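As a plain string of letters, each chain reads:
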Amino acid sequence: MANLLTFSIVQSALELGFIYALVALALFISFSILNIADLSTDGCFTLGCAVCAMITLTGHPVLALFAAMLAGVCSGFITAFLQTKLGIPSILAGIIVNTALYTVNIAVMGFASNVNLFQCESIFTWAKDILPVGPSKLIVVAVIVIIVGVFIGFFLNTRLGLSIRATGDNPDMVRASSINTNLMIIIGLCVANALTGLSGGLLAQYQKSCDINLGTGMVTIALASLIIGESIFGKGGMLKRIVGVVFGSCLYRFIVAIALRLNVPAECLKLVSAIIVAIAIALPYIKQQSLFRRQRRAAKTENRIYIEEMQGRKEE
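Described below are features of the structure shown in this document. (Residues numbered from 1 in each chain as written. Predicted model: local features only at pLDDT ≥ 70, side-chain atom pairs only at ≥ 80, totals over all residues. Heavy atoms only, no water.)

### Overview of the overall build of the protein
The following threshold applies: The helix count covers DSSP runs of H or I at least four residues long, the strand count covers runs of E at least two residues long, and both are numbered beginning at the N terminus. We call two residues contacting when some pair of their heavy atoms lies within 4.5 Å. Throughout, the Shrake-Rupley method with a 1.4 Å probe supplies accessible areas, and for residues the shown protein chains are the sole cover considered. Positive charges come from Lys and Arg, negative ones from Asp and Glu, while His and the chain ends are left out of the count. Positions of charges follow a simple convention, taking NZ of Lys, CZ of Arg, CG of Asp or CD of Glu.
What the protein contains, in helices and strands, is twelve helices and two strands. Of the regular secondary structure in the protein, the N- to C-terminal order runs α-α-α-α-β-α-α-α-α-α-β-α-α-α. The principal-axis extent of the C-alpha atoms belonging to the protein is close to 95 × 60 × 35 Å. Long-range contacts, defined as pairs at least 24 residues apart, comprise 79% of the intrachain contacts of the protein with a sequence gap of at least 6. Element-wise, carbon and sulfur atoms account for 66% of the exposed surface of the protein, whose accessible area totals about 16,100 Å². Placing the 22 positive and 15 negative side-chain charges of the protein at their respective mean positions leaves the two points 2 Å apart.

### Some points on the packing of aromatic side chains
Stated formally: For Phe, Tyr and Trp, where Trp contributes only its six-membered ring, two rings pair if their centres lie within 6.5 Å, and the inter-plane angle classes them as stacked under 30 degrees, edge-to-face over 60, or tilted in between. Put simply, a charge is over a ring when the Lys NZ or the Arg CZ is close to the ring centre, within 6 Å, and near the line of the ring normal, within 35 degrees.
What the rule picks out here adds up to five aromatic pairs. Positioned above the aromatic ring of Tyr206, the side-chain terminus of Lys137 is 4.9 Å from the ring centre.

### Concerning unusual backbone geometry
Basically, it comes down to this: Any residue under 20% of the maximum accessible area for its type is buried, any over 50% is exposed, and the rest in between are partly exposed; the area is computed with a 1.4 Å probe on protein chains only.
Even without being a glycine, Asn35 presents a positive backbone phi close to 60°. Structurally, Asn35 can be placed in the loop between helix H1 (7-33) and helix H2 (41-56). Owing to a relative accessible area of 58%, Asn35 belongs among the exposed residues under this scheme. Phi is positive for Ser178, close to 65°, though the residue is something other than glycine. Among the secondary structure elements, Ser178 is positioned in the loop between helix H8 (171-176) and helix H9 (181-207).

### Some words on the side chain of Lys208
For the record, the criterion: Within this document, salt bridges are pairs made up of a side-chain nitrogen of Lys or Arg and a carboxyl oxygen of Asp or Glu, the two lying within 4 Å of each other.
Relative to the assigned elements, Lys208 resides in the loop between H9 and strand S2 (209-211). This buried residue, Lys208, is left without a salt bridge; Glu121 holds the nearest opposite charge, at 9.3 Å.

### Observations concerning the side chain of Thr41
Tracing the backbone through its elements, the reader meets Thr41 in helix H2. Residue classification places Thr41 among the buried positions, given a relative accessible area of 3%. Not counting chain neighbours up to four residues away, the residues in contact with Thr41 comprise Val23, Leu27, Thr196, Met218 and Val219.

### So, the pattern of salt bridges
With the rule as written, the count across this model stands at two salt bridges. Its salt-bridge partner being Asp172, residue Arg175 comes within 2.8 Å of it at the nearest N-O pair. Here the residue Arg175 and the residue Asp172 both occupy positions in helix H8, the gap between them amounting to three residues, near one helical turn. Under the relative-accessibility criterion, Arg175 is labelled partly exposed at 46%. Judged by its relative accessible area of 53%, Asp172 is exposed. Of the charged contacts, one joins Glu230 and Arg241 as a salt bridge, the two residues approaching to 4.0 Å between their closest N and O atoms. In this pair, Glu230 sits in helix H10 (residues 218-233) while Arg241 sits in helix H11 (residues 238-261), placing the two residues eleven residues apart along the sequence. On the accessibility criterion, Arg241 (16% relative accessible area) is buried.

### Details of H10
Filter applied, for reference: Helix span, expected: 1.5 Å multiplied by one less than the number of residues in the helix.
Along its 16 residues, H10 runs 22 Å from first to last C-alpha, staying within 8% of the 22 Å computed at 1.5 Å per residue. Restricting attention to buried positions, one finds in H10 the residues Met218, Val219, Ile221, Ala222, Leu223, Ala224, Ser225, Leu226, Ile227, Ile228, Gly229 and Ser231. Once H10 ends, the next one or two residues include Gly234, with phi positive near 70°.

### Some remarks on a positive patch on the surface
Put simply, the rule is: The patches described consist of residues with a relative accessible area above 30% and no salt bridge, like charges being joined within 9 Å and nonpolar side chains (Val, Leu, Ile, Met, Phe, Trp, Tyr) within 5 Å.
Together, Arg293, Arg294, Arg296, Arg297 and Lys300 make up a region of like positive charge exposed at the surface. Tracing the sequence through the fold places Arg297 in helix H12 (residues 269-315).

### Notes on the packing of H1 against H11
Spelled out, the test is: Convention adopted: a line fitted to C-alpha atoms gives each axis, helices being fitted over their contacting stretch, and angles between N-to-C directions are expressed from 0 to 180 degrees. Should an angle lie under 35 degrees it is considered roughly parallel, over 145 roughly antiparallel, and from 65 to 115 roughly perpendicular; all remaining angles are considered oblique. Left-handed describes a crossing whose near helix is turned anticlockwise from the far helix through less than a right angle; right-handed describes the clockwise counterpart. The nonpolar class holds Ala, Val, Leu, Ile, Met, Phe, Trp, Tyr, Cys and Pro. Asp, Glu, Lys and Arg form the charged class, and all remaining residues, Gly among them, are polar.
Where H1 meets H11, the axes come as close as 7 Å, and the angle between the chain directions of the two elements is 135°. In terms of orientation, H1 lies oblique with respect to H11. The crossing of H1 and H11 is right-handed. Grouping the constituent residues of the contact of H1 with H11 by class yields 19 nonpolar, three polar and three charged.

### What about the packing of helix H3 (residues 61-84) against H9?
The packing of two helices is summarised by the inter-axis angle and the distance between the axes. Interhelical geometry of H3 versus H9 gives an angle of 145° and a closest axis separation of 6 Å. Along this stretch, H3 crosses H9, giving a crossing that reads as right-handed.

### A word on the environment of Asn114
Filter applied, for reference: Distance and chemistry together define a polar contact, namely a pair of N or O atoms within 3.5 Å, with one atom able to donate a hydrogen and the other to accept it when in protein, and with adjacent residues in sequence counting only for side-chain atoms on both sides.
Residue placement: Asn114 occurs in strand S1 (residues 114-116). When its relative accessible area of 46% is taken as the criterion, Asn114 is described as partly exposed. When the C-alpha atoms of Asn114 and Ser225 are compared, they prove to be 27 Å apart, with 111 residues separating the residues in sequence. Once residues within four sequence positions are removed from consideration, Asn114 is found in contact with Met109, Cys210 and Asp211. Among the polar contacts listed, one links the side chain of Asn114 to the side chain of Ser113, at a separation of 3.3 Å.

Written out as structure tokens, the structure is:
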């Protein structure tokens, strides 16, 4: 294991794990809290990446991150509008927005398939002047994720956040309480996609480039991180669930790093991601079935012992 995971690989896995954790937290809000399958994540991630890259080129890296979040809010609003005002199912709404965002993203990038940021300053280059050179990037992304995690935990425990959570659990009850469920869905998806846009913006500055296909498969990665975290940490308080999502994202990146160290071809990483998601989704069911079989075997053993005791008493 020591040969597989060197210090640089562990650091890189943690850095990417924290960056992708923002997408996993976005999916946590849309999928786990609102019970909505938002398939616009791939396009929204690239949108945040593209917007951030273009504004970073002008020399405003911090403003670029806020612009990426605002772009994500716009994407989330359109997705929610299609669902709530036009009656389009959530899955189809996500597919429509994701398809439309491809043209939007390439237009934002000046109709180029990629943008180079190697000559630009970013929050990571600024951090090198202040923080230790080695872990400077890790410290930056960790601080951002901690701030976002605290904000989400606080937000979801406010009156508005509790209404959003209730909308995902029982929309009929929420409507009976005179709460506008459509508004709750719009706010929830806007917040979720803002996190997705922020993640894309951070990745653009982290790797100093933006590609039109960068967000492909992002839903799979985020879903894997989300389910891995929930499988390990289980259900609990909001803070525990948020920590579980972040941990799941970092663990996923470690798995990918190990796969790369084992010389798994880069073309097979999507297959590896799909396998990880399948295992993570099936794990709770496998645990439940295993517990059921143990209980059934225990019941059969007790029943057999009882029958043997009764037969022994009859013979006496």
